[in-house]
Amino acid sequence: MVVLVTGANGQLGQAIQSISKKHPEVAFVFCDSSILDITNLININQVFNQVKPNYCINTAAYTAVDKAEIEIEKAYLINVIGAKNLAEACKENSTILLHVSTDFVFDGNTTSILEKNGYTEEDIPNPTGVYGQTKLEGEKAIQEIFDNYFIIRTSWVYSKFANNFMKTMLRLGSERDRLSVVNDQIGTPTNAVDLAEALIKIILYTEYSRNVSFSDSNFGIYNFSNEGQCSWYDFANKIFEENNITIDLKPIPTTSYPTPAKRPAFSVLDKTKIKRVFGLQINKWEDSLQK
């Protein structure tokens, strides 16, 4: 079973690489943008013809949330055209696509969501910035092309790889005596390695189902993050606590830290569907941070 992974040098791509040896039944092919440029359909077709993947995990994305407000064309090219290109190649080669999306497809302002466990896959997206809009359009582009896809929406991804909030906090914690972090944006941190494991489990479950003639009706949109919820301030506080860093950490409202792109005030994702369909057991965010 051949699994092609795009965006291999990104945070999630590196997380998948870090656990790939635990899955000898899978032949992983990791491609960074110098090998596979998802904005170039000719390049994609060349790689697909050579690799002949059974599955493709697309971790390649434009994720600079604030820069996207300026680099609109670049964000669109990667997040929309790139997703469309991969879907076309997957359809042509009978490859199943796993595409990683984001909680930023939601505006975070829906009062009724607070009464539930968070956003479900059926809730109507309403992005407030270019990043979220292009990720949503990428989802739609895939859905218009074929049915053999898993779109996985996730949130607040961090790890020891690449750039992320945890590593930024650790750096600032070593440079400063005091720090202010917003406390009125609520979501769920996601350990990139936990997300990587979930993606592989989806593939293994799907492959098993196909081999024993189960239905392929599990295709569709799913939410995945760690369990629980917190503010960015809570997350930062826990990072410093786990790493024995003493710092004067102050909670502030979003209005005191304006950014070019508006962030969802509440973007907790409900994981009921992915746990039911694939039997996943998901770690609490505090436990995964400690790990």
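Residues numbered from 1 in each chain as written. Predicted model: local features only at pLDDT ≥ 70, side-chain atom pairs only at ≥ 80, totals over all residues. Heavy atoms only, no water.

**Student:** Can you walk me through the overall build of the protein chain in this structure?
**Tutor:** A tally of helices and strands in the protein chain yields nine helices and twelve strands. Computed over the C-alpha atoms, the radius of gyration of the protein chain is 19 Å, within 12% of the 19 Å expected from 2.2 N^0.38 for a compact globule of 291 residues. Its C-alpha atoms put the protein chain at 55 × 40 × 40 Å along the principal axes. For the protein chain, the proportion of its 291 residues judged to be buried stands at 53%. Accessible surface for the protein chain amounts to roughly 13600 Å². Of this, 47% is attributable to carbon and sulfur atoms. The average position of the 28 basic charges and that of the 34 acidic charges among the side chains of the protein chain differ by 3 Å. (Helix = DSSP H or I, 4+ residues; strand = E, 2+ residues; numbered from the N terminus. Rg over C-alpha atoms; globule rule 2.2 N^0.38 Å. Buried < 20%, exposed > 50% of the residue type's maximum accessible area, 1.4 Å probe, protein only. Areas by Shrake-Rupley, 256 points an atom, 1.4 Å probe, with all protein chains shown as cover. Lys, Arg positive; Asp, Glu negative; His and termini not counted. Charge placed at Lys NZ, Arg CZ, Asp CG, Glu CD.)

**Student:** When you look at the side chain of Asn226 in this model, what are you seeing that I'm missing?
**Tutor:** With respect to the helices, strands and loops of the structure, Asn226 is situated in the loop between β10 (220-223) and β11 (230-231). You can call Asn226 buried: its relative accessible area is 0%. A polar side-chain atom of Asn226 sits 2.9 Å from a polar atom in the side chain of Asp194. Polar side-chain contacts of Asn226 include one of 3.2 Å to the backbone oxygen of Asn283. (Polar contact = N/O pair within 3.5 Å; in protein donor to acceptor, adjacent residues only side chain to side chain.)

**Student:** Honestly, the pairing of strand β1 (residues 2-6) in this entry has me stumped. Any pointers?
**Tutor:** Here is the key point about a regular strand: its side chains alternate between the two faces of the sheet. Counting buried positions over the five residues of β1 gives five, a clear majority of the element. What you see with β1 is no split at all: Val2, Leu4 and Thr6 on one side and Val3 and Val5 on the other are buried throughout. Summarising the sheet, β1 and strand β2 (residues 27-31) pair through five bridges and their orientation is parallel. Residue pairing across strands places Val3 opposite Phe28, the latter belonging to β2. Handedness of the crossover joining β1 and β2 through helix α1 (residues 11-19) is recorded here as right-handed. Alignment of β1 against strand β3 (residues 55-58), held across four bridges, turns out to be parallel. (Pairing = 2+ DSSP bridges. Right-handed = clockwise from strand over helix to strand, strands pointing away.)

**Student:** Can you walk me through unusual backbone geometry in this structure?
**Tutor:** Despite not being glycine, Lys52 shows a phi value in the positive range, around 50 degrees. In this structure, Lys52 sits in the loop between α2 (41-51) and β3. Phi is positive for Ser94, which is not a glycine, with a value near 55 degrees. Mapping Ser94 onto the fold places it in the loop between α3 (72-93) and β4 (96-102).

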